[in-house]
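# Observations on the model geometry
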Amino acid sequence: MAADLGELLVPYMPTIRVPRTGDRVFKSECAFSYDSPESEGGLYVCMNTFLGFGREHVERHYRKTGQCVYMHLKRTIKEKDPGASGGAVPRRQNGKVFLEDVDLSCDFNGDDYEYEDEAKLVIFPDHFEIPLPNIEELPALVTIACDAVLSSPSPYRKQEPDSWEDEIQVSRHARNLKQLDNSVRIPPSGWKCARCELRENLWLNLTDGAVHCGRWFFDGSGGNGHALEHYRETHYPLAVKLGTLTPDGGDVYSFDEEEAVLDPYLAEHLAHFGIDMLQMQKTENGLPDSKAKPRISEWEVIQESGLKLKPVYGSGYTGIKNLGSSCYLSTTMQVLFSIPEFQRAAKLGHGLLSGQYSKPPVKSELIEQVMKEERKVFVWPQQRGISPRMFKALVSRGHVEFSSSRQQDAQEFFLHVINQVERNSEGSENPSDVFRFLVEERVQCCQTRKVRYTQRVDYLMQLPAPLEAATNKEELISYESRRQEAEEGRRPPPERVRARIPFSACLQAFTEPENVADFWSSALQAKSAGIKTSRFASFPLYLVVQIKKFTFGVDWVPKKVDLSIDVPDLLDISHLRAAGLRPGEEELPDLAPPIVIPDDPRDHSMSHLMDSPEIDESSVMQLAEMGFPLEACRKAVYYTGNMGAEMAFNWIIAHMEEPDFAEPLALPSFGDPGTGGSSLTSGMDSQPPEESIAILTSMGFSRRQTVQALGATNNNLERALDWIFTHPESEEESEPVSGVADAEGNSAAEASSGAEPAGPRVRDGPGRYELFAFISHMGTSTMCGHYVCHIKKEGRWVIYNDHKVSLSERPPKDLGYIYFYQRLASS
């Protein structure tokens, strides 16, 4: 038999590879679908490329590539034998744990089930099967290749060692932590650091109950390091951050191990100081309050807790598993793939829309029997959702925040996805065009009364939430007074009062004129006060409305304002249409601010040039302290006209994906507006090297586009290629884009793209819309909490809460964060 197998495999030996360092083996999920070894047909791994394919797609791969040898992986879930002891290690066939490092179904991690793994070599097209292991009968090379595939780690852990796959480890101090019998009890409010006056970023030592402030690098917020000083004096190792306590746990830090850790006994350790995690409710400062009267919290309302929500199945009703603080991704993609333009042949779209991964139980009576424990019957959980691991690895590649395991802002992720779609849609239909619209900005010089009109591209409408317009002002004032009294008296805080703001007030605030400090008036050739207003130059097919609920605290951590807004189902913003230059208005001269440049810049350092523009260094340092590159912070402050750190922060978010994001601020000369570079050298060099032009033109790009890209990136080939992909509109422009910024801080490139006539990239139409989806956030800031979304499908509202998809009973439209409207057909 050994000779027969050896002879059988001889023709295919050149196509069988041993995974090398750097090769990723995708043995947990199909490249084109969400089939896995747990699926009915199992998973086939190509022994040449190490890509995984479900039964539906492996045939196509074979026909297209001619690759014949695949490893077939199958996992069978079954009920444990009645005599098996609880917590026993699941039985695995042949002792081979080929899926140990790969997270599959999380529904079978309990003590009631075990699994068997089966591996075979399959030779196409006859589907000849060779069971594994078969060491004695297979050629040595094949045996080595099979063993390497079976023992390979998760490709996601290998690719993103610092991403969501990293798990916080259990502290070695947790099990036998010493706790002092010092009668310390933690009151529900009023605490501050025992050594200073700080009332934020407080850490409770789990040995003696002492409360001290943390250091700034614990979570990005301020502190004097007294918690660390206390550890150095006492050597009490574990502390929990008070603002993070929930019934599910809290953020625990080990001073001895110098890292965040898990404490499986946290509930017991907190109970030692009078904190009951199972009964507590969050208070104003994040401390638990077990005596506060029950109330319906934001979490309960948004998730529709306590209601018997009916699960729904099928196409468009597939949930997404939470990878650990990945709900911002799940909710955003659920909404995007409910829009026809995004429902193209993409893997995530197929997973959500095919219905293959959301099927109702076959026999409901079996589920009832399992629930009643009358007899144990294995029933496959049909509404288990799909895992977005591969998608997250792709869309977050190179992005520091989105590739991490931390919670993120859904609005920022939405714009990130749009940016990725824009960059990868050259030459094809761009689905993000449905959100694209033009904003007309009008700035008036307060001294000369002259005006300037510019246009820019945007993808969402940010609505202010004016607290002064709240309809329950007296109730809010009373609550704040009672809250302060409770804090001073160290009593439980009163029940929180939520500000109720009319949606009409938000629209009114959006149209209010905005003062522009230090506006450079081209008419005066000097700085002057200015007033800016914004209107829609076009209306998008789908209007995305973000309620500005978040603000920055003193520690620059985004914090949420508790609001209730009567968001309408039908929205008409026709009155916000821009009218252009009005009769009697006089435009400002089209002149850029003068920039002083040395006669021969080659004899001066770049740092000399950086001193020319006036830049608010205090705003620069505020942004730099948040972790952004210094040069990017300088550019952000400059291009937003020194209007403060918050405006510059928004600029950073919008431009951080650009290839020259962290490059030094460099401006072309006042008399050379035709240069397209982002650096001075690019504007002063007459022509890029001919060999660089030849390399790029050989890739199919035009000579003009190539010259422009090289000029914009100081003749750097790699950056020039990225520049071409990130500026697809540049090929259609008649002249190179100037790098000079206008007086409002918009680059000429932005003004040029915004000034294009409405065409296929701007789907203008009437300004009447109907609400079809909204994303809601629960928690105190975008850096923590949870997201869910509600989508209106087939005339009914559906709630998507990670992998759970159900019919909504009471959609909390007033508590949403991002709203999605679809344009109504003209009547």
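Just so it is clear, the structure is predicted and the values come from calculations on it, not from any experiment. (Residues numbered from 1 in each chain as written. Predicted model: local features only at pLDDT ≥ 70, side-chain atom pairs only at ≥ 80, totals over all residues. Heavy atoms only, no water.)

### Concerning the overall build of the protein chain
Within the protein chain one finds 23 helices and 26 strands. Taking the intrachain contacts of the protein chain between residues at least 6 apart in sequence as the baseline, contacts between residues at least 24 apart amount to 69%. A total accessible area of about 39500 Å² is found for the protein chain, and carbon and sulfur atoms account for 50% of it. (Helix = DSSP H or I, 4+ residues; strand = E, 2+ residues; numbered from the N terminus. Contact = heavy atoms within 4.5 Å. Areas by Shrake-Rupley, 256 points an atom, 1.4 Å probe, with all protein chains shown as cover.)

### A few points about helix α12 (residues 410-423)
Since the α-helix turns once every 3.6 residues, residues separated by three or four places project in the same direction. An ideal rise of 1.5 Å per residue puts 20 Å on 14 residues; α12 measures up with 20 Å between its terminal C-alpha atoms. A large share of α12 lies buried, amounting to eleven of its 14 residues. Of all the residues in α12, the buried ones are Ala410, Gln411, Phe413, Phe414, His416, Val417, Ile418, Gln420, Val421, Glu422 and Arg423. For α12, the capping residue at the N-terminal end is Asp409, with a side-chain oxygen 3.0 Å from the backbone nitrogen of Gln411. (Expected span 1.5 Å × (residues − 1). Buried < 20%, exposed > 50% of the residue type's maximum accessible area, 1.4 Å probe, protein only. Polar contact = N/O pair within 3.5 Å; in protein donor to acceptor, adjacent residues only side chain to side chain.)

### Comments concerning the environment of His212
Take His212: it is sitting in strand β7 (residues 211-213). A C-alpha to C-alpha distance of 5.7 Å links His212 and Ala194, two positions 18 residues apart in sequence. Excluding residues within four positions of it along the chain, His212 makes contact with Cys193, Ala194, Arg195, Asn201, Leu202, Trp203, His226, Ala227 and His230. A polar contact is formed between the side chain of His212 and the side chain of Arg195, at a distance of 3.4 Å.

### Section: the nonpolar core
With 47 residues, the main nonpolar core has Met333, Phe413, Phe435 and Phe820 as its most contacted residues. Here Phe413 is in contact with Tyr328, Leu329, Thr332, Met333, Phe391, Val395 and Phe402, once residues within four sequence places are set aside. Grouped together as the second largest cluster of nonpolar side chains are 30 residues, Phe503, Leu563, Tyr769 and Tyr819 included. (Core = buried A, V, L, I, M, F, W, Y, C linked by side-chain atoms within 4.5 Å.)

### As for the environment of Lys78
Position of Lys78 relative to the elements: it lies in strand β3 (residues 69-79). Taking the relative accessible area as the measure of exposure, Lys78 reaches 29% and is therefore partly exposed. Taking C-alpha positions, Lys78 is 5.6 Å from Glu114, a pair spaced 36 residues apart along the chain.

### Considerations on the pattern of salt bridges
Per the stated rule, a full pass over the model turns up 29 salt bridges. Across the pair Glu441 and Arg456 runs a salt bridge, and its minimum N-O distance is 2.7 Å. You can see Glu441 sitting in strand β11 (residues 437-445) and its partner Arg456 sitting in strand β12 (residues 451-458), a full 15 residues away along the chain. A residue is classified by how much of its surface remains accessible, and Glu441, at 6% relative accessible area, is buried. Through salt bridges that share partners, Glu118, Lys120 and Glu129 make up one connected network. (Salt bridge = Lys/Arg side-chain N within 4 Å of Asp/Glu carboxyl O.)

### What to know about the sheet that holds strand β15 (residues 514-521)
As summarised here, the arrangement of the four strands in space is β12-β11-β16-β15, forming an open sheet in which the pairing is antiparallel. The sheet is open, and its two edges are formed by β12 and β15, each paired on a single side. Between one strand and the next, the sheet's axes are offset by a mean angle of 35°, whatever the strand orientation. Where β15 and strand β16 (residues 526-536) come together, six bridges link them in antiparallel fashion. (Pairing = 2+ DSSP bridges. Axes fitted to C-alpha atoms, helices over the stretch in contact; angles between N-to-C directions.)

### A look at helix α13 (residues 473-488)
The terminal C-alpha atoms of α13 lie 23 Å apart, and with 16 residues this matches the ideal 22 Å at 1.5 Å per residue to within 8%. Phi turns positive, to about 55°, at Arg490, one or two residues after α13.

### Focus on unusual backbone geometry
In this structure, the amide linkage connecting Phe124 to the following residue, Pro125, adopts the cis form with an omega of 10°. With respect to the helices, strands and loops of the structure, Pro125 is situated in the loop between β4 (113-123) and β5 (128-131). For the peptide bond that leads from Leu132 to Pro133, omega is -5°, which places it in the cis range. Secondary-structure assignment places Pro133 in the loop between β5 and α3 (140-150). Positive phi, close to 55°, is recorded for Glu304, a residue that is not glycine. Position of Glu304 relative to the elements: it lies in the loop between α7 (298-303) and α8 (327-336). Positive phi, close to 65°, is recorded for Arg449, a residue that is not glycine. The residue Arg449 is located in the loop between β11 and β12 in this model.

### Quick notes on the packing of helix α16 (residues 617-624) against helix α18 (residues 645-655)
Each pair of packed helices can be summarised by the angle the axes make with each other and by the distance between the axes. In contact at an axis separation of 9 Å, α16 and α18 are set at 50° when each is read in the N-to-C sense. Here α16 lies oblique to α18, going by the angle between them. Where α16 crosses over α18, the two elements pack in a sense that is right-handed. Every residue of α18 that contacts α16 at Ser619, Gln622 and Leu623 is listed here: Ala645, Ala648, Phe649 and Ile652. Among the residues forming the contact of α16 with α18, the class breakdown is five nonpolar, two polar and no charged. (Parallel < 35°, antiparallel > 145°, perpendicular 65-115°, else oblique. Left-handed = near helix turned anticlockwise from the far one by under 90°. Nonpolar A, V, L, I, M, F, W, Y, C, P; charged D, E, K, R; others polar.)

### Things to note about the side chain of His72
Topologically, His72 is positioned in strand β3. Of note is the side chain of His72, whose polar atom sits 2.9 Å from the backbone oxygen of Gly41. The contacts of His72, once residues within four sequence positions are left out, are Gly41, Gly42, Leu43, Tyr44, Glu118, Ala119, Lys120 and Val122.

### Comments concerning the packing of aromatic side chains
One pass over the full model with this rule turns up 22 aromatic pairs. Between Phe32 and Phe53, the ring centres sit 6.0 Å apart and the planes meet at 25°, which makes this aromatic pair stacked. Here Phe32, found in the loop between α1 (2-9) and β1 (43-46), pairs with Phe53, found in strand β2 (residues 52-53); they are 21 residues apart in sequence, far enough to count as distant. On the basis of relative accessibility, which here comes to 1%, the residue Phe53 falls in the buried class. (Phe/Tyr/Trp six-rings, centres within 6.5 Å; stacked < 30°, edge-to-face > 60°.)

### Looking at the confidence of the model for the protein chain
Summing up the model confidence of the protein chain, the mean pLDDT is 77 and the portion of residues at 70 or higher is 73%. Per-element mean pLDDT across the protein chain ranges from 33 in helix α19 (residues 680-684) up to 97 in strand β26 (residues 818-823). In this model residues 217-221 is a low-confidence stretch, pLDDT under 50, and it forms 13 contacts with partners more than four residues away in sequence or in other chains. (pLDDT = per-residue confidence, 0-100.)

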